[in-house]
Amino acid sequence: MSHKYAIGVDYGTQSGRAVLVDLTNGHEVADHVTPYPHGVIDETLPTSGKQLEHDWALQHPGDYIEVLRRSIPAVLAQSGVSPADVIGLGIDFTACTMLPVDERGTPLCFKPEWSDNPHGWVKLWKHHAAQDEADRLNAMAAQRGEKFLPRYGGKISSEWMIAKVWQIANEAPDVYDASDLFTEATDWVISQLTGNFVRNSCTAGYKSIWHKREGYPSSDFFKALDPRLENLTETKLRGDIVPLGTKAGELTEEMAKLTGLNAGTAIAVGNVDAHAAVPAVGVVTPGKLVMAMGTSICHMLLGTEEVEVEGMCGVVEDGIIPGYLGYEAGQSAVGDIFEWFVEEAVPAYVKEAAGKEGVGVHQWLTERASAYRPGETGLLALDWWNGNRSVLVDTNLTGVIVGFSLLTKPEEVYRTLLESTAFGTRKIIDAFHHNGVPVDEVYACGGLPQRNRLLMQIYADVTNREIKIADSKQTPAVGAAMFGAVAAGSAKGGYDSVVDAAKAMARVREETFKPIPENVAIYDKLYREYGELHDYFGRGANDVMKRLKALKDETSR
Ligand SMILES: Nc1ncnc2c1ncn2[C@@H]1O[C@H](COP(=O)(O)OP(=O)(O)O)[C@@H](O)[C@H]1O
Ligand SMILES: O=C(CO)[C@H](O)[C@H](O)COP(=O)(O)O
């Protein structure tokens, strides 16, 4: 049998990337990135220029197809691999990134009657405008003692499906009525590739409160939330829910023309970006935390028992690797915080100096920030620029920096922001480790470990753990390709399980980041201070962040 390949497509926040992977060794033969033509839509609708409210984040579903149209032919051309040797394709996506579609699977925003209604569009994972609905859902679930709540760390996030669907029902009942299905974008793209609509158990479990043994919450619960939602799960959330690695179907003739692949190529069911990354770094057993580090961080961990951990995003049986409980936690802004600083808060002289030296602003700041020892800036920050997604689970929390003086330099602030995200990660690691889900090893993948060594050293020092780095530029995409190979199966030159695929294809670099004992000691002290601030602002001692946000909403209305 000739050499076989699979393609993985990773749909990130700002772009989609395709990787063509050699199935014998996981080698990335070719990759190609397509920035979304419409990017993240958070100010105005591209159709009419209609203004969006605060906390909205939308996407254009056509951009997802554009990624297939541009990036798949590009990797085929770059590699020279024959489409006949590409036996499978898998995708992974941000989540919960959801959209309403009609009976034919057409996104409502493609239809003239809905294109000017923001609720007809894709709500991106970081759309945070359904916080009211999430709060009411959590209060009702707690009051009724719903068994599902502890599985999600005690709180369902406003980023997830039910809060987003309920927001649509509340703010745009006509869109709600016109929607035949609400679907994760990952399942929608797969339905476009294969002509079959199936839901994957990963997003259903983590984002739509579905449980392998118990199914969705009861219709009584949904009725108590809102009578309109009573039959939601049998109607607008209907659809077979199938495990990761299942073959969703085969590439249609139409999509074969668009992508240059052969019709009939095996297509795996959709997956989530961070979850797909886990087998790609070779993690198929418990005790090993995988951090997918980019715009945000998702922390992924396998366990053998269902344990309740404060603020975790969720625990789902078979949610990452079949046979294990998959735990997820996360920080909703990490790279996004650094980007905010670079775009919005550095003085002009920094940009000029970086330009003169021919380096990016991140690199300029990082080089200077590296000259400081831990504690030397006198600064400490809370990493809540986009709310808090784990432990506190509250999108109404905001950022803080303490310790400014007239001598504070931009590179010190940048370093402090890097450190704040590492403290956020340590909170999550501690929550798991001290509650029965051990974290013995840490792995990192995603864009950040490739770009910023200082950041990775800080994470090793703050967590006091050695960090192994994925030997891949596009780890989730490689993971998605592995699932594509599993969908194809060994008879076609793929694999029969993702564990087999990981054994052959996963790769980490030889170089690791090891904690430096003197840094660990200082960061322990700073982490205690971080904990004080965290609890003071985050656990109700001082709700100033929420009052400011409410005032902002009131005055800008
Ligand atoms: N040198 C750098 N140091 C730290 N962060 C960086 C650097 N360069 C880019 N970033 C951040 O990386 C993030 C993008 O991460 P990436 O993994 O490529 O994307 P995504 O999260 O969409 O998958 C952006 O938020 C950006 O601010
Ligand atoms: O919550 C998620 C997964 O469960 C999001 O998909 C993720 O946080 C966004 O990913 P990225 O930072 O790579 O764009």
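For the structure itself, consult the block above.
Please read all numbers here as calculations on a predicted model, not as lab measurements.

Once that is clear, we can look at the pairing of strand β6 (residues 98-101). Side chains Met-98 and Pro-100 project from β6 onto one buried face, and the interleaved Leu-99 and Val-101 project onto a second face that is buried too. Taken together, the four bridges between β6 and strand β8 (residues 181-184) define a ladder with antiparallel strand orientation. Bridge pairing in β8 links Val-101 to Leu-181.

Taken together, 15 residues surround ligand 1, and among them Thr-295, Gly-335, Gly-447, Arg-451 and Asn-452 come closest. Within the side chain of Thr-295, a nitrogen or oxygen atom sits 2.5 Å from an oxygen atom of ligand 1. Taking Arg-451, its side chain carries an N or O atom lying 3.1 Å from an oxygen atom of ligand 1. Taking 580 Å² as the accessible area of ligand 1 by itself, protein coverage stands at 85%. With respect to the pocket detection grid, ligand 1 is positioned in the second largest pocket. For the shell around ligand 1, the secondary-structure elements that each account for two or more residues are α10 (335-345) and α14 (447-451). For the shell around ligand 1, the leading source of residues is α10, giving four residues. Of the residues belonging to the shell around ligand 1, the class tally is four nonpolar, seven polar and four charged.

Close to ligand 2 lie 13 residues, the nearest being Thr-13, Ala-95, Lys-207, Ser-296 and Glu-328. In the environment of ligand 2, an oxygen atom lies 2.4 Å from a nitrogen or oxygen atom belonging to the side chain of Thr-13. In the environment of ligand 2, an oxygen atom lies 2.6 Å from a nitrogen or oxygen atom belonging to the side chain of Glu-328. A total of 380 Å² of accessible area belongs to ligand 2 in isolation, and the protein chains cover 92% of it. The site holding ligand 2 turns out to be the second largest pocket. Within the shell around ligand 2, the residues separate by chemical class into four nonpolar, five polar and four charged.

It is worth spelling out unusual backbone geometry at this point. In the segment running from Ala-95 into Cys-96, the intervening peptide bond is cis, with an omega of -5°. Inspection of the secondary structure puts Cys-96 in the loop between β5 (86-93) and β6. Phi at Val-391 is positive, roughly 75°, even though this residue is not glycine. On the secondary structure map, Val-391 appears in the loop between β17 (380-382) and β18 (400-402). Phi angles above zero are rare outside glycine, and Asn-464 is one such case at about 55°.

Glancing now at the sheet that holds strand β16 (residues 325-331). Read from one edge of the open sheet, seven strands run β15-β16-β14-β13-β19-β20-β21, paired in mixed fashion. Two strands bound the open sheet, and with one partner strand each, they are β15 (314-317) and β21 (508-513). Across the sheet, the mean angle from the axis of one strand to that of its neighbour is 25°, orientation sign disregarded. Relative to β16, strand β14 (residues 297-303) runs antiparallel, the two sharing seven bridges. The partner of Leu-302 across the bridge, within β16, is Gly-326.

A word on the environment of Phe-423. Relative to the elements of secondary structure, Phe-423 occurs in helix α13 (residues 410-433). C-alpha of Phe-423 to C-alpha of Leu-526: the two residues are 103 residues apart in sequence and 8.8 Å apart in space. Contact partners of Phe-423, with chain neighbours within four places excluded, come to Leu-380, Val-462, Tyr-523, Leu-526, Tyr-527 and Tyr-530.

A few words on empty space enclosed by the protein. Considering all chains together, one arrives at four cavities of 30 Å³ or more under this definition. What the largest cavity holds in volume is close to 100 Å³. Those elements giving two or more residues to the lining of the largest cavity turn out to be β16, α13 and α18 (517-538). Considering each element in turn, the lining of the largest cavity owes the most residues, three residues, to α13. Taken as a whole, the second largest cavity holds about 50 Å³ of empty space. Only β9 (199-200) and α6 (201-207) provide two or more residues apiece to the lining of the second largest cavity. Each residue belonging to the lining of the second largest cavity can be placed in one class, and the counts come to four nonpolar, three polar and three charged.

Attention now goes to the sheet that holds β5. The strands making up a sheet associate through hydrogen bonds between their backbones, and the pairing can be parallel or antiparallel. Overall, mixed pairing links the six strands, which are arranged β3-β2-β1-β5-β12-β11 in an open sheet. Strands with a single pairing partner mark the edges of an open sheet, and in this sheet they are β3 (28-35) and β11 (247-250). Here the strands of the sheet are splayed against their neighbours by 20° on average, with no regard to which way each runs. Pairing of strand β1 (residues 5-11) with strand β2 (residues 15-22), which is carried by seven bridges, proceeds in the antiparallel orientation.

Criteria and cut-off values
Residues numbered from 1 in each chain as written. Chains lettered and ligands numbered in written order. Predicted model: local features only at pLDDT ≥ 70, side-chain atom pairs only at ≥ 80, totals over all residues. Heavy atoms only, no water. Buried < 20%, exposed > 50% of the residue type's maximum accessible area, 1.4 Å probe, protein only. Helix = DSSP H or I, 4+ residues; strand = E, 2+ residues; numbered from the N terminus. Pairing = 2+ DSSP bridges. Near = heavy atom within 4 Å. Polar contact = N/O pair within 3.5 Å; in protein donor to acceptor, adjacent residues only side chain to side chain. Areas by Shrake-Rupley, 256 points an atom, 1.4 Å probe, with all protein chains shown as cover. 1 Å grid on protein atoms, 1.4 Å probe; cavity = no way out; pocket = protein on both sides within 12 Å on 5 of 7 lines; lining within 4 Å. Sits in = over half its atoms within 2 Å of the grid points. Nonpolar A, V, L, I, M, F, W, Y, C, P; charged D, E, K, R; others polar. Axes fitted to C-alpha atoms, helices over the stretch in contact; angles between N-to-C directions. Contact = heavy atoms within 4.5 Å. Points joined across faces, edges and corners; volume = space filled by probe spheres on them.

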